[in-house]
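The primary structure of each chain is shown beneath.
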Amino acid sequence: MDGAGRTARADGWRTRGGSMRIEIDQDRCVGAGMCAMTAPGVFTQDDDGFSEVLPGREDGTGEPLVREAMRACPVQAISLAEH
């Protein structure tokens, strides 16, 4: 636990006891596909080319490239929300 009361997880994420959830802002997504190329175990693209989180991977557990995929998104459509 750090000074802010967050707990470090094995994948490098810090939480305040809750779980993390990957969210994609569909209004911002332009379908560049950088997330799916960077972390294909978590992200995919729908039939129209827009990003989606794979079923069951919404928390990104065990995928070290989720944060890199977030940085790679040209419109910053990916975020992590603590639940």
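See the structure above.
Residues numbered from 1 in each chain as written. Predicted model: local features only at pLDDT ≥ 70, side-chain atom pairs only at ≥ 80, totals over all residues. Heavy atoms only, no water.

(A) Summary view of the overall build of the protein. Secondary structure summary: the protein contains 2 helices and 6 strands in total. For the protein, the proportion of its 83 residues judged to be buried stands at 31%. A sequence separation of at least 24 residues applies to 55% of the contacts in the protein between residues at least 6 apart. Accessible surface, the protein: about 4900 Å² in total, of which carbon and sulfur atoms supply 48%. (Helix = DSSP H or I, 4+ residues; strand = E, 2+ residues; numbered from the N terminus. Buried < 20%, exposed > 50% of the residue type's maximum accessible area, 1.4 Å probe, protein only. Contact = heavy atoms within 4.5 Å. Areas by Shrake-Rupley, 256 points an atom, 1.4 Å probe, with all protein chains shown as cover.)

(B) Structural view of the side chain of Ser-51. Its location among the elements puts Ser-51 in strand β5 (residues 51–53). In contact with Ser-51, other than residues within four places in its own chain, are Ile-24, Gln-26, Cys-29, Cys-35, Thr-44 and Gln-45.

(C) Spotlight on the nonpolar core. Counting 16 residues, the largest nonpolar core has Ile-22, Val-42, Phe-43, Ile-78 and Leu-80 as the members making the most contacts within it. When contributions to this core are tallied by element, the ones reaching two or more residues are β3 (20–24), α1 (34–38), α2 (66–72) and β6 (78–82). (Core = buried A, V, L, I, M, F, W, Y, C linked by side-chain atoms within 4.5 Å.)

(D) Looking closely at the pattern of salt bridges. Within this structure, the stated rule accounts for 1 salt bridge. With a shortest N-O distance of 3.2 Å, Arg-71 and Glu-68 are connected by a salt bridge. Residue Arg-71 and its partner Glu-68 are both found in helix α2; the two are separated by 3 residues, about one turn of the helix. The class of Glu-68 is partly exposed, set by a relative accessible area of 35%. (Salt bridge = Lys/Arg side-chain N within 4 Å of Asp/Glu carboxyl O.)

(E) Just unusual backbone geometry, in detail. Positive phi values are uncommon outside glycine, yet Gln-76 reaches one of about 50 degrees. Following the sequence through the fold, Gln-76 ends up in the loop between α2 and β6.

(F) Seen up close, the side chain of Thr-38. Along the chain, Thr-38 turns up in helix α1. Given a relative accessible area of 18%, Thr-38 falls into the buried group. Separated by 2.7 Å, the side chain of Thr-38 and the backbone oxygen of Met-34 make a polar contact. In contact with Thr-38, other than residues within four places in its own chain, are Leu-65, Glu-68, Ala-69 and Ala-72. (Polar contact = N/O pair within 3.5 Å; in protein donor to acceptor, adjacent residues only side chain to side chain.)

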